[in-house]
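Structure assessment
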Amino acid sequence: MKSPYKSRNRFRENNNTTLKRVYEFSTTKYARRLACQYVDGNQAYTYSSFRHTCDQLSQRMSRFGISGGDKVAILSQSMPNWTLAFFATTAFGRVSIPILPDSSENEVTNILNHSESKVIFISQRLRHKLSQECYDKMTLVIDIETLEFIKKDNDAFQCDGWVKDPQPDDLACIIYTSGTTGNAKGVMLSHRNICHNLRASFKAQPSSKKDRFLSILPIAHAYEMNVSTMYSFYVGACCYYLPKPPTPSILLPAMKKVRPTTMLSVPLVIEKVYKGSILPTINGSRILTWMDKKTPRLLHWLIGGRLKKTFGGKLRFFGVGGAKLDPTVEQFLKDCNFPYAPGYGLTETSPLVCNVIEKRRKKVGSVGVATWGVEIRLDNVDPHTGEGEIVCRGDNVMLGYYKDPERTMTVLDDQGWFHTSDIGYIDKDGYLFIKGRLNNTILGPSGENIYPEEIETVINDIEGVEESLVMERDGKLVALVKFSDNILDWNQANEDKFFENLEARKKAVLDFVNRTVGKNSKISEVNAMKEPFQKTATQKIRRFLYKKSHGD
C-alpha cells in the first residue's frame, strides 16, 4: 500500500511548478492552519484568510490597471504582509521587486527607476526612503502594514487590469544586489527557479505542516525569501516574524515563545553567540576550563544542551549561509551536536547550490554537496592545489541580469553554466570547500594565490577581535581589524593608556597571524577600525569601500 504522505509530497513536487500553483495548493490543502504571524500574535493569517486577503488585494491592483508583467516593489522590514504582497504580485503574473530595507534613498530610487515599478508596498518605518520623484511616478503607493492606499492615480482607475496564469519560465521577481562589489545587478528569477529551490530544500531538509519557522533575516534577500519564507508556505508550516530587529533582548524571548523547529541565520549571528557568550563562560569558570581540557565530551554535552534550550529547545534545523562559517565555531557546534547546516548559494542561483543533506555527515569547513537537481564543477583548476572557479548548472540558475545582456554573457555561457567567481575545491566524497572570491584573490610575489578570507579567519579567532578585513596595499598585505568595544574603548582615545593598549593589541594580532599562516600570507601592517564595517544583507563586508586608507 502506498504511503499517502509520500503520494501527497510527490503530487506537490510534480505539480507546483509556478508560484501560482504553490499558492493554490497550500491555501487549499492547509486552509485552516496558521500560515504566518508576528511573534506577538498580530497580523496573523490562516492559509484560508491569507488567500482571501491576497485575492482581494490583487483585484484592487487590477482596478488601477496593474496587469500581468507589471512591476510591483516591496520596501519593508520582514512581516506577514510582506509575503502577502509578494503572492498578490507573483501568483497573478506580475513581477515582484523586493528591496532590502537597509538600502539608501539613492539605491531605492535607482531600483524603482531601473525596474520601472508602477506600485510600491512600503512600511511606515521606511517611508522616508521613497523620494518625491518616485512617489509622483507611482500608480499606487500602498501601506504594507494596513494595506491601505497612501496614493492612487485616479486617472488609472479603469478596471482594465488583467492577470495571467504564469508559466514556469515567466519572470517572477527581480532582486537587486550590490553584493560586496558595489555595482548593483538586477537578478531575474523565474517561477521555475524559485520552485526548483523549494523542491531542493525539501529534498535536503524535509519539513511539514507541524514545523515552526522563525524568520530573523530580511525576506528581500533570496536566502531568507526562498529557503525560509516561501519554503514554509510550500510545506504548510507557520512562519513567525519579529516585530523589531533581532537584538538579543527581542530574539531570546521570541525563541522561548515560538520554540522554532527551523531557523536561517548568517555566520555572524552564531559566531557572536560563541565568542560573546560561550567562550567567556568557559574561560571564566575553573570547572568548565578543566572540563574543556580533561572531559571535552561532557562539556560539549552540557553546553550543547544549554544552547539548544536557548533556541527554544525544539530546533532541528539551523541553516547557516550567506558567508563562510568560522571553522573553530563550526567544530564546536558539531561537537555539541547542535543542528546547524551549512550551505552555499548566490542570488543568481535562487540561491541553493550546495547544502548538507539531512542525516548526512558534516565536514568542518565544507558547504556540503551539490543540492538536488544541480550540477557543479570547477573551471581553470590549479593542478597543484586542485582549486578552481565554481560553476553550476540547473533549473536554479537565473534568467539573467535585467536590462544587462552584456553582463549576463560574462557569467552565463551558452551551455547554461553559471560562473560564480568563487574559488574552491571538491574532495573525493563530493564535498565542496570554498577558498574565497576570484575578485578578492591576491597574487603573491611568486605568482601564488593568497585568499584574504583565510587570513581573516585566523584573525577573527583572536580573543578581543570582532571582525577583520585583509587587503593588498602597495604590494603588502594589510589587516583592518575591529576590536570588541570592551577591549578597546575609543572614548578614551586621547589618553596615553589607550594608545599603549592599541599598539599592544595591533602587535599581538600581527605576531599571532604571522606565526600561524604560511610565509606568503604574512601581513605587514594592522590598522584598528573605530566603526563597524559596512555590510551587505547577509553580513558580508562591502570590501570595495575599504580599498583606500581606513582605520587609525
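Quick note: structure is the one above.
Residues numbered from 1 in each chain as written. Predicted model: local features only at pLDDT ≥ 70, side-chain atom pairs only at ≥ 80, totals over all residues. Heavy atoms only, no water.

1. Regarding the overall build of the protein chain
Our working definition: Working definition: helices are DSSP H or I runs of at least four residues, strands are E runs of at least two. Numbering for both runs from the N terminus. Radius of gyration here uses only the C-alpha atoms, and the compact-globule reference equals 2.2 Å multiplied by the residue count raised to the power 0.38. The cut-offs for exposure are 20% and 50% of the maximum accessible area for each residue type, with area from a 1.4 Å probe on protein chains only; residues under the lower value are buried, those over the upper are exposed, and the others partly exposed. The criterion used for residue contact is that any of the two residues' heavy atoms lie within 4.5 Å. In short, Shrake-Rupley with a 1.4 Å probe defines the accessible areas, and a residue's cover is counted only from the protein chains shown. Charge counting treats Lys and Arg as positive and Asp and Glu as negative, with His and both chain ends excluded. We put the charge of a Lys on NZ, of an Arg on CZ, of an Asp on CG and of a Glu on CD.
Per the secondary structure count, the protein chain includes 16 helices and 26 strands. What you see for the protein chain is a C-alpha radius of gyration of 24 Å, in line with the 24 Å of a compact globule of 552 residues. Across the 552 residues of the protein chain, 56% fall into the buried class. Within the protein chain, residue pairs in contact and separated by at least 24 positions form 65% of the contacts whose partners lie at least 6 positions apart. Surface exposure of the protein chain reaches about 25,100 Å², of which carbon and sulfur atoms provide 50%. Within the protein chain, the 62 negative side-chain charges are centred at a point lying 9 Å from the centre of the 76 positive side-chain charges.

2. Digging into unusual backbone geometry
Cis geometry marks the peptide bond from Ser350 to Pro351; its omega dihedral reads 0 degrees. Position of Pro351 relative to the elements: it lies in the loop between β14 (340–345) and β15 (352–355). Although it is not a glycine, Leu147 adopts a positive phi angle of roughly 65 degrees. With a relative accessible area of 11%, Leu147 lands in the buried category. Positioned with a positive phi, Asn337 is a non-glycine residue whose angle comes to about 60 degrees. Counting through the fold element by element, Asn337 comes out in the loop between α13 (327–335) and β14. Asn337 sits in the exposed class, given a relative accessible area of 57%.

3. Points about the sheet that holds strand β24 (residues 465–473)
Test applied: Here, a strand pair is defined by DSSP locating no fewer than two bridges between the strands. As a rule, the C-alpha atoms of each element are fitted with a line to give its axis, helices using only the stretch in contact, and angles between N-to-C directions run from 0 to 180 degrees.
In spatial order, the strands read β24-β25-β26; together these 3 strands make up an open sheet with mixed pairing. Only two strands of the sheet have a single partner each, and these edge strands are β24 and β26 (525–528). Across the sheet, the mean angle separating the axes of adjacent strands is 25 degrees when strand polarity is ignored. Sitting on the sheet, helix α15 (residues 452–460) is in contact with β24 and β25 (476–483), with an inclination near 145 degrees to β24.

4. Considering the pattern of salt bridges
Condition: In what follows, salt bridge is the name for a side-chain nitrogen of Lys or Arg lying within 4 Å of a carboxyl oxygen of Asp or Glu.
Across all of its chains, the model carries 22 salt bridges by this definition. Notably, a salt bridge pairs Lys118 with Asp70, separated by 3.4 Å at the nearest N-O pair. Separated by 48 residues along the polypeptide, Lys118 in the loop between α5 (105–115) and β5 (119–122) and Asp70 in the loop between α3 (47–62) and β3 (71–75) bring together distant segments of the chain. Taking the shortest distance from any N to any O, the salt bridge between Lys506 and Glu503 comes out at 3.5 Å. Within this pair, Lys506 and its partner Glu503 are both found in helix α16 (residues 496–516), separated by 3 residues, close to a single helical turn.

5. Digging into the pairing of strand β21 (residues 432–437)
Within β21, 5 of the 6 residues are buried, which leaves the element mostly enclosed by the surrounding structure. In this structure, the hairpin formed by strand β20 (residues 418–426) and β21 is closed by a connection of 5 residues, where Gly430 is found at a positive phi of approximately 90 degrees.

6. A look at the sheet that holds β20
A sheet is described by the order of its strands in space; here 4 strands give the open sequence β17-β18-β20-β21, paired in antiparallel fashion. Each end of this open sheet is capped by a strand with a single partner; those strands are β17 (374–379) and β21. Taken pair by pair, the neighbouring strands of this sheet meet at an average axis angle of 45 degrees, ignoring direction. Sheet analysis places β20 next to β21, joined by 5 bridges and oriented antiparallel. Directly across from Ile426, in β21, lies its bridge partner Leu432.

7. Considerations on the packing of helix α7 (residues 191–204) against helix α8 (residues 222–234)
Applicable threshold: Here is the rule for angles: anything less than 35 degrees is roughly parallel, anything more than 145 is roughly antiparallel, 65 through 115 is roughly perpendicular, and the remaining ranges are oblique. Amino acids outside the nonpolar list (Ala, Val, Leu, Ile, Met, Phe, Trp, Tyr, Cys, Pro) and the charged list (Asp, Glu, Lys, Arg) are all regarded as polar, and Gly is one of them.
Running from N to C, α7 and α8 cross one another at 80 degrees; their axes reach a closest spacing of 9 Å. By the angle class used here, α7 and α8 are roughly perpendicular. On α8, the residues that touch Ile194, Asn197, Leu198, Arg199, Ser201 and Phe202 of α7 are Met225, Asn226, Val227, Met230, Tyr231 and Tyr234. Class assignment for the residues of the contact of α7 with α8 results in 8 nonpolar, 3 polar and 1 charged.

8. Structural notes on a negative patch on the surface
Applied cut-off: Residues with no salt bridge and a relative accessible area higher than 30% make up the patches, which join like charges within 9 Å and nonpolar side chains (Val, Leu, Ile, Met, Phe, Trp, Tyr) within 5 Å.
Where like charges cluster on the molecular surface, the negative patch consists of Asp489, Glu495, Asp496 and Glu500. Among the secondary structure elements, Asp489 is positioned in the loop between β25 and α16.

9. Considering a nonpolar patch on the surface
Where nonpolar side chains cluster on the molecular surface, the patch consists of Leu298, Trp301 and Leu302 and spans about 340 Å² of accessible area. With respect to the element layout, Trp301 can be found in helix α12 (residues 296–310).

10. With respect to the environment of Pro248
Counting through the fold element by element, Pro248 comes out in helix α9 (residues 248–258). For Pro248, a relative accessible area of 61% corresponds to the exposed category. A sequence separation of 204 residues divides Pro248 from Pro452, and the C-alpha atoms of the two residues are 30 Å apart.

11. What about the pairing of β20?
Most of β20 is tucked away, with 7 of its 9 residues classed as buried. Here strand β18 (residues 388–394) runs beside β20; their pairing, made up of 4 bridges, is antiparallel. The partner of Cys392 across the bridge, within β20, is Phe418.

12. Focus: the side chain of Ser421
Residue position: Ser421 is located in strand β20. The residues contacting Ser421, other than those within four sequence positions of it, are Glu389, Ile390, Gly436, Arg437, Leu438 and Asn439.

13. Description of the packing of aromatic side chains
To keep things clear, this is the line we draw: A pair of Phe, Tyr and Trp rings is counted when the ring centres sit within 6.5 Å of each other, with Trp represented by its six-membered ring. The angle between the planes then sorts it: under 30 degrees is stacked, over 60 is edge-to-face, the rest tilted. Distance and angle both matter: a charge sits over a ring if NZ of Lys or CZ of Arg is within 6 Å of the ring centre and within 35 degrees of the ring normal.
Summed over all chains, the structure comprises 23 aromatic pairs. Between Phe50 and Phe233 the ring centres are 5.1 Å apart and the planes differ by 55 degrees, which places this aromatic pair in the tilted class. On the criterion of sequence distance, the pair formed by Phe50 in helix α3 and Phe233 in helix α8 is long-range, its members being 183 residues apart. By relative accessible area, Phe50 is classed as buried at 0%. Ring centres of Phe86 and Phe87 lie 6.0 Å apart, and the angle between their planes is 85 degrees; on these two criteria the pair is classed as edge-to-face. Taking the relative accessible area as the measure of exposure, Phe86 reaches 0% and is therefore buried. For Phe87, a relative accessible area of 0% gives the class buried. In this arrangement the basic side chain of Arg60 is found over the ring face of Phe149, its NZ or CZ atom lying 4.1 Å from the centre. Its guanidinium or amino end placed over the ring of Tyr135, Lys151 lies 5.5 Å from that ring's centre, counting from NZ or CZ.

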